[in-house]
Amino acid sequence: QIQKLTFKGKFAPLKLKLKGWQHWDAGCYLKLNEESENDLRNLLDRIDGLPFGGKRPCDHLSLYRKGPQTEHPDPKREFGKIREAARSHNWGSVVGVSLRIKSFGGPYDDCRVLAECSQCSLNNAAETNHVLHSKSSQPTKLVVISNQPHQRNDRWNDGWD
């Protein structure tokens, strides 16, 4: 199903503004401001082939989530400590230069680049990637916005989600 998706129009760099932590126990997630959420929803509307209906929140960037193989006695407590330690941090913003999609829970190596900014380079972007969830009537999709131009998959494979 992922192979049938297409992106309409040109993809321009997208500035996502961050406004602190989501207080979810499963990991460390940064909230997006309302303008950034709307910008991401508009991107979803430009993807042909996504299932209709369902919730499609575009409200966070996943920084870390406990993977199925990770052993820890109390990860929720530790995630809370991280959020508390960086509570007053000003997270600023990130710039996304490509739109990638993969199956939820699947390996990052299996993603597909739907769109990327043709005039962007690594000189204009930091070396991290950011993950955005798109829950739909078929919640097996994960929308990934990367701030790196298309390159070898192992350069942006950043963990579980």
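Model, not experiment: these values are computed from the prediction.

## Structural notes on the overall build of the chain
Next, step 1: Within the chain, the regular secondary structure consists of two helices and ten strands.
Next, step 2: Counting every position in the chain, which comprises 161 residues, the buried fraction comes to 43%.
Next, step 3: Residue pairs in contact within the chain that sit at least 24 positions apart in sequence constitute 72% of those at least 6 positions apart.
Next, step 4: As displayed, the chain offers around 9100 Å² of accessible surface, 49% of which is attributable to carbon and sulfur atoms.

## What to know about helix α2 (residues 75–85)
Next, step 1: Looking only at α2, the buried set comprises P75, F79 and R83. One side of α2 carries all its buried residues, which in axial view fall inside an arc of 80 degrees.
Next, step 2: Taken together, the buried residues of α2 touch β2 (14–22), β3 (27–32) and β5 (60–65).

## A closer look at the environment of R46
Next, step 1: Within the secondary structure, R46 sits in the loop between α1 (34–45) and β4 (47–48).
Next, step 2: Exposure remark for R46: the relative accessible area of 27% places this residue in the partly exposed category.
Next, step 3: Considering only alpha carbons, one finds R46 and K8, 38 residues apart in sequence, at a separation of 5.2 Å.
Next, step 4: Beyond its immediate chain neighbours, meaning those up to four positions away, R46 contacts T6, F7, K8, G9, K10 and F11.

## Let's talk about the packing of aromatic side chains
Next, step 1: Using the criterion set out here, one finds four aromatic pairs in the structure.
Next, step 2: Relative to F11, the ring of F7 has its centre 6.0 Å away and its plane inclined at 70 degrees; by these criteria the two rings are edge-to-face. Pair check on accessibility: F7 and F11 agree, each one buried.

## Some remarks on the pairing of β3
Next, step 1: Within β3, five of the six residues are buried, leaving the element largely enclosed by the surrounding structure.
Next, step 2: The pairing of β2 with β3 spans three bridges and is antiparallel. Residue W21 lies in a different strand from β3, and its bridge partner there is L30.
Next, step 3: In textbook terms, the turn of a hairpin is the stretch between consecutive antiparallel strands, and for β2 and β3 this stretch comprises four residues.

## Observations concerning the environment of E78
Next, step 1: Tracing the backbone shows E78 in helix α2.
Next, step 2: Residue classification places E78 among the partly exposed positions, given a relative accessible area of 23%.
Next, step 3: Residues E78 and C28, 50 residues apart in the sequence, show an inter-C-alpha distance of 9.9 Å.

## Brief notes about the confidence of the model for the chain
Next, step 1: Of the residues in the chain, 71% reach a pLDDT of 70 or more, and the chain-wide mean stands at 75.
Next, step 2: This stretch, residues 122–161, has a pLDDT under 50; its non-local contacts, to residues over four places away or in other chains, come to 137 contacts.

## Quick word on the nonpolar core
In globular proteins that are soluble, nonpolar side chains generally tend to be buried together.
Next, step 1: Counting 28 residues, the largest nonpolar core has F7, F11, L16, L40, I47, L99 and L114 as the members making the most contacts within it.
Next, step 2: Of all the secondary structure elements, the ones that give two or more residues to this core are β2, β3, α1, β7 (98–103) and β8 (112–116).

## Comments concerning the pattern of salt bridges
Next, step 1: Per the stated rule, a full pass over the model turns up seven salt bridges.
Next, step 2: Residue E78 is joined to R77 by a salt bridge in which the shortest nitrogen-to-oxygen separation is 2.9 Å.
Next, step 3: Among the charged side chains, a salt-bridge network with shared partners connects D74, R77, E78 and K81.

What counts, and at which threshold
- Residues numbered from 1 in each chain as written.
- Predicted model: local features only at pLDDT ≥ 70, side-chain atom pairs only at ≥ 80, totals over all residues.
- Heavy atoms only, no water.
- Helix = DSSP H or I, 4+ residues; strand = E, 2+ residues; numbered from the N terminus.
- Buried < 20%, exposed > 50% of the residue type's maximum accessible area, 1.4 Å probe, protein only.
- Contact = heavy atoms within 4.5 Å.
- Areas by Shrake-Rupley, 256 points an atom, 1.4 Å probe, with all protein chains shown as cover.
- Arc of directions from axis to C-beta.
- Phe/Tyr/Trp six-rings, centres within 6.5 Å; stacked < 30°, edge-to-face > 60°.
- Pairing = 2+ DSSP bridges.
- pLDDT = per-residue confidence, 0-100.
- Core = buried A, V, L, I, M, F, W, Y, C linked by side-chain atoms within 4.5 Å.
- Salt bridge = Lys/Arg side-chain N within 4 Å of Asp/Glu carboxyl O.

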